Amino acid sequence: MSTTLTTIDLKEIEEKVISGERLSRDEGIALYGINDILFLGALARYVKEKKTGNYAYFNVNRHINLTNVCISRCKFCAFSADKDDLHAYTMTLEEVLDRALEAPKLGATELHIVSGLHSDLPFDYYLEVISECKKALPDIHIQAFTAVEIDYFAQIIGLSIREVLEKLKEAGLGSMPGGGAEIFSGRVRGLTCEKKASGERWLEVMRTAHELGLRSNATMLYGHVETIEERIDHLIKLRELQDETGGFQSFIPLPFHPDNTSLADIKRTTAFDDMKTFTISRLILDNFDHIKAFWIMVGLKLAQLSLDFGVDDLDGTVVEEKITHSAGAQTEESIEKEELVRLIKDAGRTPVERDTLYNVIKIYKEE
Ligand code: V47
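Residues numbered from 1 in each chain as written. Predicted model: local features only at pLDDT ≥ 70, side-chain atom pairs only at ≥ 80, totals over all residues. Heavy atoms only, no water.

**Some points on unusual backbone geometry**
The backbone of Arg 73 sits at a positive phi, close to 45°, despite the residue not being glycine. Judged by relative accessible area, Arg 73 falls into the partly exposed class, the value being 34%. One non-glycine residue, Val 318, lies in positive phi territory at about 65°. Residue placement: Val 318 occurs in the loop between β9 (313-316) and α14 (323-326). For Val 318, a relative accessible area of 0% puts it in the buried group. (Buried < 20%, exposed > 50% of the residue type's maximum accessible area, 1.4 Å probe, protein only. Helix = DSSP H or I, 4+ residues; strand = E, 2+ residues; numbered from the N terminus.)

Right, dumping it as structure tokens:
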């Protein structure tokens, strides 16, 4: 890395963070050059505690991936398939409902639905998935469809992004997950996912969703062909949109898993890279309330540790996960809520079970 900071500069950064002053692009880039992980952790922890005190959040949710058929075939993805592949699948509405109906039995308050960009499914299929799930489970929150999927629906049905989102909202869509953001840089998208929506388009979809009152998350897929500068530019673009709309709830850095992808030669991210990315995200994204460690991708041990490095949310129980597990994840696909509570308590934080919109369901105070 080319840029490094002197001790004096570090003091300056510390003072800026403590006085709530915004860090610049250059400072973000330079922070990646710091190997004093405890310094970064202390700063990120300071910001985390200012925002959410000693709380660490989780929810009880169930993931559903409707289809793995995808016309995009991104180089970093091991989940997607061509329509004629033996492992290609598309769930019928009945199958979706079967899975969805398991959710309340597991105590879940959220369905998290994301899928491939299927070549033939009509927009009505997705509308029906949402409306039927909502009809069957009126109390469950449906967080579904990445900005990339919304952009694709708009193309296949010939409607504007706003019209697509309005129809989905009317059908029962509650909020949007943060996937598909990858790295916004056109260079990186050209190398890894040239067929999917551009970074500008992803941001445009989110802007429109927020204008319609739909809240969303945001992600960054890191540890493949991007540079540190491109990571920071990604964060700055999210910060700028958040200044405009305030519609993002949480930011989730996603470490790249290379197995079974076209980028299988790339090595997995290291613990230092993961922890730096959590802390620097916490420091740059001063207008985001929550930084989430998706334990499925980060691993349970690092996810627990991240609670001292700027993270305040561990995502949820998940139940069934295909995207990371296709790419070699060694984590379980599911976790009991009691285990999330144990991990959080053991880190000295107060576990808070939340719903999708961060309304508190239960605070696990010490008995
Ligand atoms: O968009 C794909 C990423 C995302 C790989 O919003 C990969 O709360 C690592 O966005 N290695 C889907 N990552 C998952 C996602 C998500 C997960 C949990 C919570 C939320 C939320 C969102 O996974 C994709 C892509 O960026 N991805 N392939 C891979 N090989």
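**Focus on the pattern of salt bridges**
In this structure the tally under the stated criterion is 28 salt bridges. Here Asp 151 ties to Arg 201 by a salt bridge, and the two come within 2.4 Å at their closest N and O atoms. You can see Asp 151 sitting in helix α6 (residues 147-157) and its partner Arg 201 sitting in helix α9 (residues 199-211), a full 50 residues away along the chain. The partner of Glu 182 in a salt bridge is Lys 196, and the shortest N-O contact between them spans 2.7 Å. Highlighted residues: Glu 182 in the loop between β5 (175-176) and α8 (186-192) and Lys 196 in the loop between α8 and α9, separated in sequence by 14 residues. Neither residue differs from the other here; Glu 182 and Lys 196 are each classed as buried. A network of salt bridges, in which partner residues are shared, links Arg 62, Arg 99, Glu 102, Glu 320 and Lys 322. (Salt bridge = Lys/Arg side-chain N within 4 Å of Asp/Glu carboxyl O.)

**Overview of the pairing of strand β2 (residues 61-64)**
Side chains Asn 61 and His 63 project from β2 onto one buried face, and the interleaved Arg 62 and Ile 64 project onto a second face that is buried too. Summarising the sheet, β2 and strand β3 (residues 110-113) pair through four bridges and their orientation is parallel. Considered in β3, the bridge of Ile 64 is made with Ile 113. (Pairing = 2+ DSSP bridges.)

**Details of the packing of aromatic side chains**
The description of an aromatic ring pair rests on the distance of the ring centres and on the angle between the ring planes. Per the counting criterion, the structure on display carries 13 aromatic pairs. For the ring pair Phe 145 and Phe 153, a centre distance of 5.1 Å and an interplane angle of 85° mean the geometry is edge-to-face. With respect to burial, Phe 145 and Phe 153 carry one shared label: buried. Put simply, the rings of Phe 123, Tyr 125, Tyr 126, Phe 145 and Phe 153 touch in pairs and so form one group of aromatic residues. (Phe/Tyr/Trp six-rings, centres within 6.5 Å; stacked < 30°, edge-to-face > 60°.)

**Here's the deal with the site of the ligand**
Taken together, 23 residues surround the ligand, and among them Phe 76, Gly 178, Gly 180, Glu 182 and Lys 292 come closest. Contact distances for the ligand include 2.8 Å between a nitrogen atom and a backbone N or O atom of Phe 76. Asn 217 places a side-chain nitrogen or oxygen 2.9 Å from an oxygen atom of the ligand. For the ligand, whose free accessible area comes to 620 Å², the fraction covered by protein is 95%. (Near = heavy atom within 4 Å. Polar contact = N/O pair within 3.5 Å; in protein donor to acceptor, adjacent residues only side chain to side chain. Areas by Shrake-Rupley, 256 points an atom, 1.4 Å probe, with all protein chains shown as cover.)

**Structural notes on empty space enclosed by the protein**
Taken as a whole and assessed by the stated rule, the structure comprises two cavities of 30 Å³ or more. In this model, the largest cavity occupies a volume close to 790 Å³. Residue lining of the largest cavity: 44 residues in total, with Val 114, Gly 179, Gly 180, Leu 254 and Ile 323 positioned closest to the centre. Contributing elements (two or more residues each) for the lining of the largest cavity: α6, β6 (215-222), β7 (248-255) and α14. Residue composition of the lining of the largest cavity, grouped by class: 19 nonpolar, 17 polar and eight charged. As a volume, the second largest cavity reaches approximately 40 Å³. As for the second largest cavity, its lining consists of Asn 59, Glu 110, Gln 143, Asn 217, Gln 249, Ser 250, Lys 292, Arg 354, Thr 356 and Tyr 358. Classifying every residue of the lining of the second largest cavity by side-chain character gives one nonpolar, six polar and three charged. (1 Å grid on protein atoms, 1.4 Å probe; cavity = no way out; pocket = protein on both sides within 12 Å on 5 of 7 lines; lining within 4 Å. Points joined across faces, edges and corners; volume = space filled by probe spheres on them. Nonpolar A, V, L, I, M, F, W, Y, C, P; charged D, E, K, R; others polar.)

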